[in-house]
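Secondary and tertiary structure notes
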Amino acid sequence: MGKSKFSYKKVIVIKLNRFEVVSGKYIEEISGQSRIGYSMSNTTDFYDMIEWSKKGGYQGSIISFYDYNNGKIYEPFQKQRNVLYGPPVYLKNFFWFLQGDYNSGKITLFRYLPDKIPELIIQFNIADVDLYNLRIIGEDIYITSEDDEFVSYYPESFRFPTTLNESVRMIVDGKVYLSAWVEEGWDDDNNCVTEEYKYYEKMIVRDFKGNVLSETIGSLQQHPDGTWWIS
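Values in this document were obtained by computation on a predicted structure and should not be read as measured data.

As a further point, take the packing of aromatic side chains. The tally for this structure, following the rule as stated, stands at 23 aromatic pairs. Note on Phe-97 and Tyr-112: the rings are 6.1 Å apart at their centroids and 80° apart in plane angle, and the pair reads as edge-to-face. Of the two residues, Phe-97 is situated in strand E7 (residues 94-101) and Tyr-112 in strand E8 (residues 106-112); the sequence distance between them amounts to 15 residues. Comparing Phe-97 with Tyr-112, the two get one shared label, buried. Measuring from ring centre to ring centre gives 6.4 Å for Phe-158 and Phe-160, while their planes differ by 20°; the resulting arrangement is stacked. Both residues of the pair, Phe-158 and Phe-160, belong to the buried class. By way of ring pairs, the aromatic residues Phe-65, Phe-77, Tyr-85, Tyr-90, Phe-95, Phe-97, Phe-110 and Tyr-112 are connected into one cluster. In this structure, Lys-55 packs its charged tip against the face of Trp-52, placed 5.9 Å from the ring centre. Taking NZ or CZ as reference, Arg-111 lies 4.4 Å from the ring centre of Phe-94, over its face.

This brings us to a nonpolar patch on the surface. On the surface, Ile-12, Ile-14 and Leu-16 cluster together into a nonpolar patch covering about 410 Å² of accessible area. Residue position: Ile-12 is located in the segment before strand E1 (28-29). Of the residues examined, Ile-12 reaches a relative accessible area of 68% and is grouped as exposed.

Sheet strands pair via backbone hydrogen bonds, and the direction of the pair is either parallel or antiparallel. If you trace the 4 strands from one edge of the open sheet to the other, you get E10-E11-E12-E13, paired in antiparallel fashion. A single partner strand is all that each edge strand has here, and the edge strands are strand E10 (135-137) and strand E13 (158-161). When strand polarity is set aside, the average angle formed by the axes of neighbouring strands in this sheet is 30°. Where E10 and strand E11 (residues 142-146) come together, 3 bridges link them in antiparallel fashion. Counted as the bridge partner of Ile-136 is Ile-143 from E11.

The next thing to look at is the nonpolar core. Counting 19 residues, the largest nonpolar core has Leu-98, Ile-107 and Leu-134 as the members making the most contacts within it. Of all the secondary structure elements, the ones that give two or more residues to this core are E7, E8 and strand E12 (149-154). Excluding residues that lie within four positions of it along the chain, Leu-134 makes contacts with Phe-46, Leu-98, Ile-107, Val-129, Ile-143, Thr-144, Ser-145 and Tyr-153. Tyr-38, Phe-77, Phe-95 and Phe-97 belong to the second largest nonpolar core, which has 13 residues in total.

Glancing now at the pattern of salt bridges. For the coordinates displayed, the defined rule picks out 8 salt bridges. For Asp-140, the salt bridge identified is with Lys-92, shortest N-O distance 3.7 Å. In this pair, Asp-140 is assigned in the loop between E10 and E11 and Lys-92 in the loop between strand E6 (89-91) and E7, connecting sequence segments 48 residues apart.

Moving on, we come to the sheet that holds strand E2 (residues 36-40). Overall, antiparallel pairing links the 4 strands, which are arranged E1-E2-E3-E4 in an open sheet. A single partner strand is all that each edge strand has here, and the edge strands are E1 and strand E4 (73-74). Note that E1 and E2 share 2 bridges and pair antiparallel. Across the sheet, residue Glu-29 finds its bridge partner in E2, namely Gly-37.

Bringing unusual backbone geometry into the picture now. Glycine aside, negative phi is the norm for most residues, and most peptide bonds take the trans geometry. Omega for the peptide link from Gly-138 to Glu-139 comes to 10°, which places this bond in the cis form. Tracing the backbone shows Glu-139 in the loop between E10 and E11. The omega torsion across Tyr-154 and Pro-155 is 0°, close enough to zero to call that bond cis. Tracing the sequence through the fold places Pro-155 in the loop between E12 and E13. Located in the positive-phi region is Asn-93, a residue other than glycine, with phi close to 70°. With respect to the secondary-structure elements, Asn-93 resides in the loop between E6 and E7. Residue Asn-191 is not a glycine yet carries a positive backbone phi of 55°. With respect to the helices and strands, Asn-191 occurs in the loop between strand E15 (175-187) and strand E16 (192-206).

Conventions used here
Residues numbered from 1 in each chain as written. Predicted model: local features only at pLDDT ≥ 70, side-chain atom pairs only at ≥ 80, totals over all residues. Heavy atoms only, no water. Phe/Tyr/Trp six-rings, centres within 6.5 Å; stacked < 30°, edge-to-face > 60°. Helix = DSSP H or I, 4+ residues; strand = E, 2+ residues; numbered from the N terminus. Buried < 20%, exposed > 50% of the residue type's maximum accessible area, 1.4 Å probe, protein only. Lys NZ or Arg CZ within 6 Å of the ring centre and 35° of its normal. Patch = residues over 30% accessible without salt bridge, like charges linked within 9 Å, V, L, I, M, F, W, Y side chains within 5 Å. Areas by Shrake-Rupley, 256 points an atom, 1.4 Å probe, with all protein chains shown as cover. Salt bridge = Lys/Arg side-chain N within 4 Å of Asp/Glu carboxyl O. Pairing = 2+ DSSP bridges. Axes fitted to C-alpha atoms, helices over the stretch in contact; angles between N-to-C directions. Core = buried A, V, L, I, M, F, W, Y, C linked by side-chain atoms within 4.5 Å. Contact = heavy atoms within 4.5 Å.

Geometry only, nothing functional implied.
Okay, here's the thing in structure tokens:
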């Protein structure tokens, strides 16, 4: 018998899961768990509100939580003018996020589980915090800001100066873990690298007064599953 004139190709069918509402928003991961993702209705942050206030205010934003198990979307608060949110974190079996309400002049920390009522943990007057890089840092739950100095507002109040190449990654057991980038072998006169050029990161551990407890070469990073690695 001659060869068949027909060829067969394997057909791969991909099932596309859909959330209960499809709106074209990109879902961000929340480290430490894989069931819930989140999205923001826009990218305005707390510091941007200073400029928005000069222009008559801000439309407000919405924080949404997406459940990969059942396709549901949870929005703990309705959109309100001059109210916005910081990125959530997952710590100690809860989600935590900051709300900035410029109508009342308050920054509020909420503890949250999807489909439950958000629990108010603590409030601050906006005038009493630095809005630049205002965020929540783990593994313990700390509210901090970071500019020319690192400031912790909750649950303990402390501050210490930092350099431009340093950034805080986590706080745990009374220690502050920072990552600092280092550049060696840069030719400032010609604005280029030399044969001896090196770029790497250091992990610096400080106490709450800013005293250096240890310093070692290594890049401190958090894996999506919540574990911390040094590379």
